[in-house]
Amino acid sequence: MFVRFVALLALVTAAASFNVPVARFAVSRTSLKMETGDAGEANFEQETPERTKQRIQDMVTKNPVMLFMKGNKMFPQCGFSNTAVQILQSYSIDFETCDVLSDEAVRNGVKDFSNWPTIPQLYVAGEFIGGCDIMIEEYQNGNLAEVIEKAKADMM
């Protein structure tokens, strides 16, 4: 991540030295936002909690089945996230993931957003379902299947 930041900083500095306007640039995978001032200098700002909350809300609203996890559905980075992915894949449903390991603002923000302290976190049709243990319980008692079927119908 540091290497990406340094490369990005070098690119912006080079653009500024050649008087190339860089109007606005937001890094979605980090918690930094960069904008240029009137003189073309780069300003780095910490992403606000309100902006993070809005990004999370947008992901939850846009995606009928949204899983905030460590890693992604192709390469989960923890056992709990892997279990969550396997449960969702058992329903043969399209779902989106957000890798919280690559976005510290979302990693912390999603815990506040849901008032739930652990990751992974599942949202279906905009509703917070729970973490891995809740997913397992709901899978076993059949309730998750009902919620997923409703989300499938909404996707069509």
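Residues numbered from 1 in each chain as written. Predicted model: local features only at pLDDT ≥ 70, side-chain atom pairs only at ≥ 80, totals over all residues. Heavy atoms only, no water.

- As named in an unreviewed UniProt entry, the chain is Glutaredoxin domain-containing protein, taken from Triparma verrucosa.

**Section: the nonpolar core**
And step 1. Of all hydrophobic cores here, the largest spans 17 residues; its most connected members are V65, L67, L88, L122 and I148.
And step 2. Going through the elements one at a time, β4 (65-69), α3 (79-89), β8 (121-124) and α6 (143-155) are the ones with two or more residues in this core.
And step 3. At four residues, the largest contribution of residues to this core is made by α3.
And step 4. In this structure L88 touches V65, L67, I93, F95, L122, M135 and I148, once residues within four positions along its chain are discounted. (Core = buried A, V, L, I, M, F, W, Y, C linked by side-chain atoms within 4.5 Å. Buried < 20%, exposed > 50% of the residue type's maximum accessible area, 1.4 Å probe, protein only. Helix = DSSP H or I, 4+ residues; strand = E, 2+ residues; numbered from the N terminus. Contact = heavy atoms within 4.5 Å.)

**A short note on the sheet that holds strand β7 (residues 96-99)**
What links the strands of a sheet is backbone hydrogen bonding, and the strands pair in either a parallel or an antiparallel sense.
And step 1. Strand order in the open sheet formed by four strands is β7-β4-β8-β9, with mixed pairing between adjacent strands. If you trace the sheet from one side to the other, it starts and ends with β7 and β9 (127-130), each paired once. Each neighbouring strand pair of the sheet contributes to a mean axis angle of 25°, computed without reference to strand direction.
And step 2. As judged from the four bridges shared by β4 and β7, these two strands associate in the parallel manner. Each bridged residue has a counterpart across the sheet, and for M66 the counterpart in β7 is E96.
And step 3. Along the sheet, α3 makes contact with β4 and β8, crossing β4 at roughly 165°. (Pairing = 2+ DSSP bridges. Axes fitted to C-alpha atoms, helices over the stretch in contact; angles between N-to-C directions.)

**Topic: the pairing of β4**
And step 1. Judged by how many residues are buried, β4 sits mostly within the fold: five of five residues are covered.
And step 2. Of the two faces of β4, the one carrying V65, L67 and M69 and the one carrying M66 and F68 are both buried.
And step 3. When β4 meets β8, the two strands line up antiparallel, connected through four bridges. Bridge assignment links M66 to a residue of β8, and that residue is Y123.

**Quick look at the environment of S102**
And step 1. Topologically, S102 is positioned in the loop between β7 and α4 (104-114).
And step 2. When its relative accessible area of 18% is taken as the criterion, S102 is described as buried.
And step 3. At a separation of 3.0 Å, a polar atom in the side chain of S102 contacts the main-chain carbonyl oxygen of D99. (Polar contact = N/O pair within 3.5 Å; in protein donor to acceptor, adjacent residues only side chain to side chain.)

**Describing the packing of α3 against helix α5 (residues 132-141)**
And step 1. Viewed as axis vectors pointing N to C, α3 and α5 meet at an angle of 30°, and their least axial separation amounts to 9 Å. Considered as vectors, α3 and α5 are oriented roughly parallel to each other. Between α3 and α5 lies a crossing whose hand is left-handed. Residues F80, T83, A84, I87 and L88 of α3 lie in contact with α5, whose contacting residues are C132, M135, I136 and Y139.
And step 2. Residue composition of the contact of α3 with α5, by class: eight nonpolar, one polar and no charged. (Parallel < 35°, antiparallel > 145°, perpendicular 65-115°, else oblique. Left-handed = near helix turned anticlockwise from the far one by under 90°. Nonpolar A, V, L, I, M, F, W, Y, C, P; charged D, E, K, R; others polar.)

**Quick look at the pattern of salt bridges**
And step 1. One pass over the full model with this rule turns up two salt bridges.
And step 2. Across the salt bridge formed by E47 and R55, the nearest N and O atoms sit 3.0 Å from each other.
And step 3. Accessibility expressed as a relative area gives 12% for R55, which makes it buried.
And step 4. Between R55 and D103 there is a salt bridge, and its shortest N-O distance comes to 3.0 Å. Placement of the pair is R55 in helix α2 (residues 49-62) and D103 in the loop between β7 and α4, with a sequence separation of 48 residues. Grouping residues by exposure puts R55 and D103 together as buried. (Salt bridge = Lys/Arg side-chain N within 4 Å of Asp/Glu carboxyl O.)

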